[in-house]
Amino acid sequence: MRGVGKQAVGCDRCRRALLGAVALLSLSLVLPLTASAANAADPSAAPESSVNRSPSQWVALGPGALRLLVYLHATDGLCAIEAMEQRGPSGRPYTFMLGDLSEQLPVIGPGGVGRLPDLERLLMVEPDLAVSVTLDEQQVRMLKQRAGIPVLLLSYGDIGELQLPVFADSLRRLAEPLGRQARAEALLSAIDVSLAELAMRVVDVEPAPTYIGGISLKGQQGLASTQAGHLPMRWAGADNLADQIAETGHRFIDLEQLLAWNPPVLFIDGGGLPAVLKEVAINPGLFASLDAVQRGQVFATLPFNSYNTNVEHALINAWFIASRLYPDRFPGFDPVAKADVIYRDFYGEPMYARLRAEGEGSQPGFARVDLITGEVYPLPVDGG
């Protein structure tokens with residue numbers, strides 16, 4: 001398949017950081033957060049709007065809003081859709097759960113970060129509730145005043161960065177007016193259990209240095225696009241080399257820095273894999289000297305960001321990354337089977353084979369990548 005497409009800190013310190021992070025994340029899922037706590041974690045979050053406790057029709061506005069509704073199995077009340085959500089999966093598994101709705105529902109605007117819908121079209125569908133991500137307080141106020149529609153402003157954290165406590169609080173606040181509290185708690189519990197299981201696998205490992213490139217942000221990006229504080233890396237017990245340049249956040253590094261780091265294992269986010277392969281095609285020798293390339297230790301993961309963060313992929317990727325960094329801790333591990341277990345938690349059914357088959361040739365799923373030839377070797381669907 002072709003074209004599919006500062007120093008490491010001390011071991012004890014990393015282990016303490018990992019254990020502390022896991023404990024905090026588990027606690028954040030078990031204990032409900034107040035709206036004020038969410039706002040403290042995410043300064044952009046607006047005060048919670050007054051929401052009808054039993055809406056019958058709703059719309060999703062902005063990156064990630066519809067994903068939250070799908071996580072709650074709450075597409076039954078959708079009365080309109082953004083054009084962005086009609087573009088097919090594109091690394092967004094939740095779109096598979098829409099069925100024919102994506103084509104049947106009226107379109108109320110293009111979608112996108114901080115973009116309001118067409119007010120005339122919005123009024124025509126008469127929603128009882130607008131669920132929004134990335135709108136600001138002024139936009140929310142204007143929408144309420146001009147359309148007379150309650151707006152519930154939610155968040156995943158900073159755009160393109162998953163902050164699990166913020167996500168958990170948003171899911172709970174959305175579940176309440178929709179009557180999906182049990183579903184929200186079931187999903188958050190499943191995430192907590194999976195994280196605890198993974199933490200047990202990697203709790204006493206010596207953190208392995210690694211790097212992930214190709215992290216999407218406002219579109220596809222190449223290998224220089226990375227993220228400090230990348231949650232899948234933290235959950236996997238990895239020494240994320242990008243943490244040397246920042247605590248959190250998206251960063252573009254100089255590729256000379258990557259060559260200097262020379263990680264023994266390298267990961268490419270599936271959302272940016274096509275862009276990375278273009279880099280290889282233009283300059284085949286660009287990454288040839290990297291140890292990971294020479295040793296065949298370059299792997300593609302599932303898309304982390306695609307119209308905000310795929311939370312299920314964050315968790316799935318953490319398992320995959322850990323299994324490649326510490327193979328002795330994962331004997332007989334089948335990453336595809338684990339992916340489908342997590343997909344079932346989120347969607348009620350397996351998704352891996354379908355996501356790979358309908359990825360328009362650019363989403364091979366888990367794969368080994370040759371950064372000299374540009375060849376991509378997907379893992380078989382039955383694992384391996």
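(A) Local environment of the pairing of strand 2 (residues 129-133). Taken across its five residues, strand 2 has five buried, putting it largely inside the fold. Both faces of strand 2 are covered, namely the face carrying Leu129, Val131 and Val133 and the face carrying Ala130 and Ser132. Relative to strand 2, strand 1 (residues 58-61) is paired through four bridges, and the arrangement is parallel. Bridge assignment links Leu61 to a residue of strand 2, and that residue is Ser132. Two elements, strand 2 and strand 3 (residues 151-154), share four bridges in a ladder whose sense is parallel. Bridge assignment links Val133 to a residue of strand 3, and that residue is Leu154. For the handedness criterion, the β-α-β arrangement of strand 2, helix 6 (residues 137-147) and strand 3 is classed as right-handed.

(B) Main features of helix 8 (residues 181-202). For helix 8, which comprises 22 residues, the first-to-last C-alpha distance of 32 Å matches the rise-based estimate of 32 Å (1.5 Å per residue) to within 8%. Arg183, Ala184, Leu187, Leu188, Ala190, Ile191, Asp192, Ser194, Leu195, Leu198, Ala199 and Val202 are the residues of helix 8 that are buried.

(C) Layout of helix 7 (residues 164-178). In this model helix 7 runs 21 Å from its N-terminal to its C-terminal C-alpha over 15 residues, within 8% of the 21 Å that 1.5 Å per residue would give. For helix 7, the buried fraction is high: 13 of the 15 residues fall into the buried class. Directly beyond the C-terminal end of helix 7, a positive phi value near 70° is found at Gly179.

(D) A look at the nonpolar core. Ranked by size, the top nonpolar core spans 77 residues in total, and within it Leu69, Phe167 and Trp235 carry the most contacts. Broken down by element, this core gets its largest block of residues, 10 residues, from helix 13 (residues 311-325). Apart from the residues lying within four places of it in its own chain, the contact partners of Leu69 are Trp58, Ala60, Ala74, Thr75, Leu78, Val131, Leu174 and Leu178. Core analysis: the next-biggest nonpolar cluster, separate from the first, contains 23 residues, Leu266, Leu273, Ala300 and Leu371 among them.

(E) Broad picture of the side chain of Ser170. Along the chain, Ser170 turns up in helix 7. If near-sequence neighbours (up to four positions away) are discounted, Ser170 is found in contact with Leu154 and Ser155.

(F) Summary view of the pattern of salt bridges. This model, assessed by the stated rule, comprises seven salt bridges. The partner of Asp169 in a salt bridge is Arg173, with the nearest N and O atoms 3.0 Å apart. Taken together, the positions of Asp169 and Arg173, both in helix 7 and four residues apart, correspond to about one turn of that helix. Of the two residues, Asp169 and Arg173, both sit in the buried class. The partner of Glu185 in a salt bridge is Arg172, with the nearest N and O atoms 2.8 Å apart. Of this pair, Glu185 sits in helix 8 while Arg172 sits in helix 7, and the two are 13 residues apart along the sequence. Glu185 gets classed as partly exposed once you look at its relative accessible area, which sits at 36%. Residue Arg172 is classed as buried on the basis of its relative accessible area of 10%.

(G) Structural detail: the sheet that holds strand 2. With parallel pairing, three strands are arranged side by side in an open sheet as 1-2-3. Pairing within the sheet leaves two strands with one partner each, and these edge strands are strand 1 and strand 3. Strand-to-strand twist in this sheet, taken as the mean axis angle between neighbours without regard to direction, amounts to 20°. Docked against the sheet, helix 6 engages strand 1, strand 2 and strand 3, running at close to 165° with respect to strand 3. Together, strand 1, strand 2 and strand 3 form the strand contacts of helix 7, whose direction differs from that of strand 3 by roughly 155°.

(H) How the structure looks around the packing of aromatic side chains. For the coordinates displayed, the defined rule picks out 14 aromatic pairs. On the basis of an interplanar angle of 85° and a centroid distance of 6.1 Å, the ring pair of Tyr71 and Phe167 is categorised as edge-to-face. Placement of Tyr71 in helix 3 (residues 65-71) and of Phe167 in helix 7 is noted, with a sequence separation of 96 residues between them. By the burial criterion, Tyr71 is buried, and Phe167 matches it.

(I) Up close: the sheet that holds strand 10 (residues 367-369). Spatially, six strands are ordered 6-4-8-9-10-11 in an open sheet, and the strand pairing comes out mixed. One side of each edge strand has no neighbouring strand; the edge strands of this open sheet are strand 6 (239-240) and strand 11 (376-378). Note that strand 4 (residues 209-213) and strand 6 share two bridges and pair parallel. Across the sheet, residue Pro209 finds its bridge partner in strand 6, namely Asp239. Packed onto the sheet, helix 13 meets strand 4, strand 8 (265-268) and strand 9 (298-300) and runs at close to 160° relative to strand 8.

Conventions adopted
- Residues numbered from 1 in each chain as written.
- Predicted model: local features only at pLDDT ≥ 70, side-chain atom pairs only at ≥ 80, totals over all residues.
- Heavy atoms only, no water.
- Buried < 20%, exposed > 50% of the residue type's maximum accessible area, 1.4 Å probe, protein only.
- Helix = DSSP H or I, 4+ residues; strand = E, 2+ residues; numbered from the N terminus.
- Pairing = 2+ DSSP bridges.
- Right-handed = clockwise from strand over helix to strand, strands pointing away.
- Expected span 1.5 Å × (residues − 1).
- Core = buried A, V, L, I, M, F, W, Y, C linked by side-chain atoms within 4.5 Å.
- Contact = heavy atoms within 4.5 Å.
- Salt bridge = Lys/Arg side-chain N within 4 Å of Asp/Glu carboxyl O.
- Axes fitted to C-alpha atoms, helices over the stretch in contact; angles between N-to-C directions.
- Phe/Tyr/Trp six-rings, centres within 6.5 Å; stacked < 30°, edge-to-face > 60°.

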